[in-house]
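Here's the letter readout for the chains.
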Amino acid sequence: MNNFISAQRGSSPAGLVRYLFGPGSSGEHTDQRIIAADVTLGLAEGTRLDHVADADAIYALGRDMDSHRILLGVTPPNGWVWHCAISLPPGEELADAQWAEVARTAVARMGFDEADDRAPCRWIAVHHGRSVGGNEHIHLMVNLVREDGKVAATWNDRRTMSRVCAEMERRFDLVVVEGRAGHGMPGYSKAEHQKMRAGAPSERQRLARLVRAAAARSASEAEFVRRVKASGALVRPRFVTGGRDQVVGYSAALRPAEGQEPVWFGGGKLAADLTLPRLRQQWDIVNEHQALAEWRRSPDVAGPPGPGEQTAVDVTEWARAAQLVDAVRERLQHTPPGDVVVWRSGCRGAAAMVAALAERIETPSAGGPGPIAALADRLAWSAQAPRGEGRGRPAGWGEVRAVVRIIGHAARKGPASATWMVVAAALLVLVATIAAWHEQHRQLRQAAALTEHTKTLAHDLHRRRAAAAPAWTERRYGALTDARLEQLATVAAADVARFSSPPPAAPPRPARPVDQEAHGAATAAALAFPGRRRPATVEEARGQLAAISKEIGLRAAMSPERVAQERTERAQAQQTQRAQVQRTVRSTPQRGPSQGQGSRGR
């Protein structure tokens, strides 16, 4: 559920009433009716007013909405008509009685109703069909001049209405809208939105990934400062007012090009979970003296690394990192969905691990974030705790830190090995678990976004595996043509089925020989491989089928250029082999019949 409050206060209640009950700018207004209204107006819920047949009644309603103000002679200089549209995503709807509850709850939360210390405002809620985009919605119109002539305050109205929408989502089991005020993610400026829509990378998102990964790798505040600077960013402290002995916040910036000034962002402008107080909850080592010494250095000068910060990592550690990711996932799967503190901690860990992998593998480009970075940015939304949700020390953060350190330390070993893909694959399964959790909480938009990003990344990993595949001459089934490979896959599948199903009973007396086609495609294909040894166990059969399927998948993910090149090389190799066979046959001496008879005679 969304709400949109007009930026400017109106000064013509009658004009807004005529619009609400009119045909609309595109003729989209249909079945215009009163959902709820202030009792002073004497309107029954469900009253329908047609802009043609009931023009006089609409005019009278507009006059009644403002008659008390005119009588009292109150004219607020900045307008007195408050207008808010409350809408649902396409495909969702509420009954009129439910919409009436939404409207009355909003009026009460905003303080427009009558209470012991205040007079009521006059208001109406109108429903006039779906919008052009298919959204069911109502309009809430309020005259801010109360019955006693005082003007109602609208301070913080957007935040209040966002909370009302969140409450109604839970009340009526609606799709939860992520990213509203209080969720923890910053709002982007108009210029940032235009750059991102054009496909350009966002400096703020890139910086958030760097800070998130550096914080997860660090065991102390001092290490965090050093790692942010080592990642290519600048960081400076925000001291307590009037002193330089206590750091209460920080700001960070990407290193600017020569001759340009850095663009600084406070931790809270990156994400709510990246503020310094929140980050301090996840660090094990507390040494204010060392941290203060690091903060006092220049924003671009890092101190000497601490013990263990430059530990080399063997390539086999990628497999251990994947096991640690699986451990995080299994912990979440055994956690009740209602334990949001543990789940939110898991989301933060997943966002940190994916952010670290993005910085390790993908090179920033002008074309926007890669699939890993895009997934990390989307996971950052899952990491935020809405206002009012409990917060605690992150659970299982030692495993997250170990994974992020393996990813980061491997970066010092030169070009990446394809073994990083095992970590990426484990992270995809973890993200799928988080998406399912969002779906259970009716956060369908976030769940769908995470699912879409995981599909994109999975396709990219498949493409990378294909690009890193060895030459066809080095692959077990690389020499087979596409048609022969498909035939062999059919044979292997038949072998697996042979172990999993009982053999058919033999007929008592076949009337005629069984034709080849009666055996099916599997038997026909088997005849094409007369020298192939059939597997003796089901495990062997499944292994052969898996190896064949892997070869088929590699070819499907390869670039068209490499596929064409391999086909050409196979054809040339087959021609060469056939030519060698023909030369061998021609060079072999033939024994005639007379030679055989003569030898027997002698």
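Quick notes on the rules
Residues numbered from 1 in each chain as written. Predicted model: local features only at pLDDT ≥ 70, side-chain atom pairs only at ≥ 80, totals over all residues. Heavy atoms only, no water. pLDDT = per-residue confidence, 0-100. Contact = heavy atoms within 4.5 Å. Helix = DSSP H or I, 4+ residues; strand = E, 2+ residues; numbered from the N terminus. Buried < 20%, exposed > 50% of the residue type's maximum accessible area, 1.4 Å probe, protein only. Expected span 1.5 Å × (residues − 1). Pairing = 2+ DSSP bridges. Axes fitted to C-alpha atoms, helices over the stretch in contact; angles between N-to-C directions. Core = buried A, V, L, I, M, F, W, Y, C linked by side-chain atoms within 4.5 Å. Left-handed = near helix turned anticlockwise from the far one by under 90°. Nonpolar A, V, L, I, M, F, W, Y, C, P; charged D, E, K, R; others polar.

(A) Spatial organisation of the confidence of the model for the chain. On average, residues of the chain score 81 in pLDDT, and 82% of them are at 70 or above. Segment residues 509-522: pLDDT under 50, and seven contacts once partners within four positions in sequence are set aside and those in other chains are kept.

(B) Representation of the environment of Ala497 in the model. Considering the arrangement of structural elements, one finds Ala497 in helix α18 (residues 482-500). Its relative accessible area of 36% is what places Ala497 among the partly exposed residues. Spatially, the C-alpha atom of Ala497 lies 9.2 Å from that of Ala541, the residues being 44 residues apart in sequence.

(C) Representation of the environment of Leu427 within the structure. If you trace the backbone, Leu427 turns up in helix α16 (residues 420-440). Judged by relative accessible area, Leu427 falls into the buried class, the value being 4%. Separated by 70 residues in sequence, Leu427 and Leu357 have C-alpha atoms that sit 9.9 Å apart. If we ignore the near neighbours within four places in the chain, the residues touching Leu427 are Val325, Met353, Val354 and Leu357.

(D) The arrangement of helix α4 (residues 96-110) in detail. With 15 residues, α4 extends 21 Å from end C-alpha to end C-alpha; this agrees with the ideal 21 Å at 1.5 Å per step. By the burial criterion, the buried members of α4 are Trp99, Ala100, Val102, Ala103, Thr105, Ala106, Val107 and Met110. Here the buried face of α4 lies against β2 (33-37), β3 (81-87), β4 (122-127), β5 (137-143) and α5 (157-172). Downstream of α4 by a residue or two, Gly111 has a phi angle that is positive, lying close to 80°.

(E) Structural detail: the sheet that holds β5. Across the sheet, five strands lie side by side as β1-β3-β5-β4-β2; this open sheet has antiparallel pairing. Whereas interior strands pair on both sides, the edge strands pair on one side only; in this sheet they are β1 (2-5) and β2. Each neighbouring strand pair of the sheet contributes to a mean axis angle of 20°, computed without reference to strand direction. Bridge analysis of β3 against β5 gives seven bridges, and the strand direction is antiparallel. Bridge pairing links Ala85 to His139 in β5. Across the sheet, helix α1 (residues 13-20) is in contact with β3, β4 and β5; its angle to β5 comes to roughly 165°.

(F) Quick peek at the nonpolar core. With 49 residues, the main nonpolar core has Leu379, Trp420 and Leu430 as its most contacted residues. The set of elements that each furnish at least two residues to this core consists of α7 (203-217), α12 (317-333), α13 (340-361), α14 (371-382), α15 (397-410), α16 and α17 (444-467). The leading source of residues in this core is α13, at 13 residues.

(G) Focus on the packing of α4 against α5. Packing of α4 against α5 brings their axes to within 10 Å, and their N-to-C directions diverge by 145°. Helix-helix and strand crossings are classified by hand; for α4 and α5 the assignment is right-handed. Across from Gln98, Glu101, Val102, Thr105, Ala106, Arg109 and Met110 in α4, the residues of α5 making contact are Asp157, Thr160, Met161, Val164, Glu167, Met168, Arg171 and Phe172. Across the contact of α4 with α5, the residue classes break down as seven nonpolar, three polar and five charged.

(H) Layout of the pairing of β3. In terms of burial, β3 is a largely internal element, seven of the seven residues being buried. With burial as the criterion, each face of β3 is covered, one bearing Val81, His83, Ala85 and Ser87 and the other bearing Trp82, Cys84 and Ile86. As defined by bridge partners, β1 adjoins β3 across four bridges and the pair is classed as antiparallel. Across the sheet, the residue bridging to Asn2 is Ser87, located in β3.

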